Amino acid sequence: MNETNKQITNLLLQLYGMDVSKYDDLFLNKSIQKRITDTRCGSYNEYYTNLEQNIEEAKFFIESLQISHSEFFRNSLTFSVLERILLPSIALQKKCSAQKEIRIWSAACAAGQEAYSLAMLLEEHKNSDYEKFSYRILATDYSEKQVNQAQKGEYPLGALYNLNIKRIKHWLIRNGDTYTIIPTLKENINFSVFDLFGEQLCCPPASIFGDFNLIVCANLLFYYKPEYRKQILKKIANSLAKEGLIIVGEAERDILMNENWYEIFPQSGIFKGIEHR
Ligand SMILES: C[S@@+](CC[C@H](N)C(=O)[O-])C[C@H]1O[C@@H](n2cnc3c(N)ncnc32)[C@H](O)[C@@H]1O
């Protein structure tokens, strides 16, 4: 850790009890530089003094680390592979197996876009399939604010840019400037607060036993230091069903490759344990 990061990390912990030691060094450094610019401090020393004297700035800084940007159908390649190949194949396998339900965990769901995108694909496939299947999506985030927003499923038009008109008309209801996910799409999704660093549980209590066919843990690993990325990966891997898949963000593929996971379609961010290769 560089000196700047060390000083700010110690200050936040000692003065305010706020722990930022898990965050990746480069990310922490960029966030500090951004706050220096946004607060119009002339130098790092000036910002340090500001942080020392002002708990409000400490709260702003912590908030700036909690990136919650998400999109419907984020990473189009991942969702195409899911739609055309993987979900139909999992649905088919389920029909012949004892455990009939497709189980999915969206492990950092932000305001719900990821979970609703998956539900749209599953519902659309279900409607085109003469033999129906069942599914359950557990969607969690450590931010209560994000989980509440996800449960509401309300979005401005600007958040729907990856959805085609057909999907907007079918899955959302317009009310003035707000578009709300229809109740049918919410039926098989369970939203709850869950911290991936929590020590007591390996998966959300609502899932009871884990055993997920698919875990989406996208666009959060790269915010943490390598040892904490490993900790999260270990935790979610323990909740996978046999031959289950993990999906990460485009910029996180190297992290899994370096941990001996095998990307089943090039560039897709969809991984299997190397033992199932
Ligand atoms: C950038 S968003 C990504 C959302 C979505 N997965 C996507 O790819 O669009 C990262 C999310 O991870 C959540 N998060 C960060 N650390 C977490 C942790 N330790 N446990 C659970 N959620 C966490 C944040 O609250 C935020 O909503």
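Residues numbered from 1 in each chain as written. Predicted model: local features only at pLDDT ≥ 70, side-chain atom pairs only at ≥ 80, totals over all residues. Heavy atoms only, no water.

Considerations on the site of the ligand
If you check the shell around the ligand, you find 19 residues, and the closest are Ser70, Ala108, Asp141, Asn219 and Tyr224. One of the side-chain nitrogen or oxygen atoms of Ser70 is found 2.5 Å away from an oxygen atom of the ligand. Between the ligand and Ala108, the relevant distance is 2.8 Å, taken from a nitrogen atom to a main-chain nitrogen or oxygen of the residue. Look at the ligand: alone it shows 600 Å² of surface, and the protein chains cover 97% of it. Of the residues belonging to the shell around the ligand, the class tally is 10 nonpolar, 5 polar and 4 charged. (Near = heavy atom within 4 Å. Polar contact = N/O pair within 3.5 Å; in protein donor to acceptor, adjacent residues only side chain to side chain. Areas by Shrake-Rupley, 256 points an atom, 1.4 Å probe, with all protein chains shown as cover. Nonpolar A, V, L, I, M, F, W, Y, C, P; charged D, E, K, R; others polar.)

Structural notes on the packing of helix H2 (residues 25–38) against helix H4 (residues 55–65)
One way to put it is that H2 packs onto H4 with a least axis distance of 10 Å and a crossing angle of 130°. Judged by the inter-axis angle, H2 sits oblique to H4. As H2 packs across H4, the resulting crossing turns out to be right-handed. Residues Phe27, Leu28, Ser31, Ile32 and Arg35 of H2 pack against Glu57, Phe60, Phe61, Ser64 and Leu65 of H4. Taken together, the residues of the contact of H2 with H4 sort by class into 6 nonpolar, 2 polar and 2 charged. (Axes fitted to C-alpha atoms, helices over the stretch in contact; angles between N-to-C directions. Helix = DSSP H or I, 4+ residues; strand = E, 2+ residues; numbered from the N terminus. Parallel < 35°, antiparallel > 145°, perpendicular 65-115°, else oblique. Left-handed = near helix turned anticlockwise from the far one by under 90°. Contact = heavy atoms within 4.5 Å.)

Some points on the domain arrangement of the chain
With domains assigned, the chain is organised as domain 1 (3–65) and domain 2 (76–276). Here the C-alpha centroids of domain 1 and domain 2 sit 32 Å apart. Each partner contributes residues to the interface: domain 1 has 6 residues there, and domain 2 has 8 residues. Carbon and sulfur atoms make up 57% of the surface buried where domain 1 meets domain 2, a total of about 680 Å² over both sides. A salt bridge links Asp24 to Arg229, with the nearest nitrogen and oxygen atoms 3.6 Å apart. The class makeup of the residues in the side of domain 1 that touches domain 2 is 2 nonpolar, 1 polar and 3 charged. (Domains from an automatic or database assignment. Buried area = accessible area lost by both parts, 1.4 Å probe. Salt bridge = Lys/Arg side-chain N within 4 Å of Asp/Glu carboxyl O.)

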